[in-house]
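Here are the chains, one letter per residue:
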Amino acid sequence: MTGADARTATPADIARLLVLWRTVAENGGRPPDTETALVALLERDPSALLVAESGDQLVGSVIARWDGWRGHLYRLAVHPERRREGVGRDLLIAAQARLRALGAQRFDAMVLDDNELGSRLWLAEGYRRQGDWGRWIKTAGADPTQGAGSRVSSTPGRGSAG
């Protein structure tokens, strides 16, 4: 990596990572990033969060999660002053290596539709947009009964999976 080193994040990186993510924030519609959420991520999967560091500054990050089937890549972020230097590509290569070692046969990436610079990186690295899928979201704190137009029963033969 040009002038930056990729490594697994530690709890000591959390404050600097939150600063990085606030600096590169491109999606105002998502819930705010918190120290609590990052601590939980690192406790659940200590090597999922990779960072790129240059001196004492975090200049990039990516989360590489494994679900036992696919490797999921998200939060690929590079400090604006360090873009187009290979930081994102090197983080992506490190993340893919981690996921391959776990057994991933396929990778998917969450990329904002209007992120043209990011989209160019994903395309250059062999990813393609999957047009037949969409992302569906719901805030976890929402009432679980809201929008439940059909109910699934635990009794065999009852209810609808919709």
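### Structural notes on the sheet that holds strand β1 (residues 5–8)
Spatially, the 5 strands line up as an open sheet ordered β1-β2-β3-β4-β5, and their pairing is mixed. Sheet topology places β1 and β5 (107–109) at the edges, where each strand pairs with a single neighbour. For this sheet the average axis-to-axis angle between neighbouring strands, irrespective of direction, equals 25°. When strand β4 (residues 71–78) meets β5, the two strands line up parallel, connected through 3 bridges. Looking at β5, one finds that L73 is bridged to A109. Docked against the sheet, helix α1 (residues 14–24) engages β1, β2 (49–54), β3 (57–66) and β4, running at close to 95° with respect to β3.

### Regarding the pairing of β2
Counted residue by residue, β2 has 5 buried out of 6 residues, so it is predominantly covered. Bridge count between β2 and β3: 6 bridges; the pairing is antiparallel. For L49, the partnering residue across the bridge sits in β3 and is I63. Hairpin connection of β2 to β3: 2 residues between the antiparallel strands, including G55 at a positive phi of 65°.

### Describing the side chain of D13
Mapped onto the secondary structure, D13 falls in the loop between β1 and α1. Look at D13 and you get buried, because its relative accessible area is 3%. Among the polar contacts made by the side chain of D13, one reaches the side chain of R16 at a distance of 2.9 Å. Aside from chain neighbours lying at most four places away, what touches D13 is R7, T8, V51 and L58.

### Examining helix α2 (residues 35–44)
Every α-helical turn comprises 3.6 residues, leaving residues that sit three or four positions apart pointing alike. By the burial criterion, the buried members of α2 are L38, L41 and L42. The buried residues of α2 occupy an angular sector of 95° when projected down its axis, which confines them to one face. More than 90 degrees from the buried face of α2, the exposed residues found are T36, E43 and R44.

### Details of unusual backbone geometry
A positive phi angle is found at R75, which is not glycine, with a value near 60°. Within the fold, R75 resides in strand β4. Residue R84 is not a glycine yet carries a positive backbone phi of 70°. As for its placement among the helices and strands, R84 is situated in the loop between β4 and α3 (87–102). Its relative accessible area of 70% is what places R84 among the exposed residues.

### Observations regarding the pattern of salt bridges
By the definition in use, this model includes 10 salt bridges. A salt bridge links R7 to D13; the nearest nitrogen and oxygen atoms lie 2.7 Å apart. Residue R75 is joined to D33 by a salt bridge in which the shortest nitrogen-to-oxygen separation is 2.8 Å. One end of the pair, R75, is in strand β4; the other, D33, is in the loop between α1 and α2, and 42 residues separate them in sequence. Owing to a relative accessible area of 28%, D33 belongs among the partly exposed residues under this scheme. Each member of the salt-bridge network shares a partner with another, and the members are R7, D13, R16 and E53.

Definitions and cut-offs
Residues numbered from 1 in each chain as written. Predicted model: local features only at pLDDT ≥ 70, side-chain atom pairs only at ≥ 80, totals over all residues. Heavy atoms only, no water. Pairing = 2+ DSSP bridges. Helix = DSSP H or I, 4+ residues; strand = E, 2+ residues; numbered from the N terminus. Axes fitted to C-alpha atoms, helices over the stretch in contact; angles between N-to-C directions. Contact = heavy atoms within 4.5 Å. Buried < 20%, exposed > 50% of the residue type's maximum accessible area, 1.4 Å probe, protein only. Polar contact = N/O pair within 3.5 Å; in protein donor to acceptor, adjacent residues only side chain to side chain. Arc of directions from axis to C-beta. Salt bridge = Lys/Arg side-chain N within 4 Å of Asp/Glu carboxyl O.

The quantities given are spatial measurements derived from coordinates; they are silent on function.
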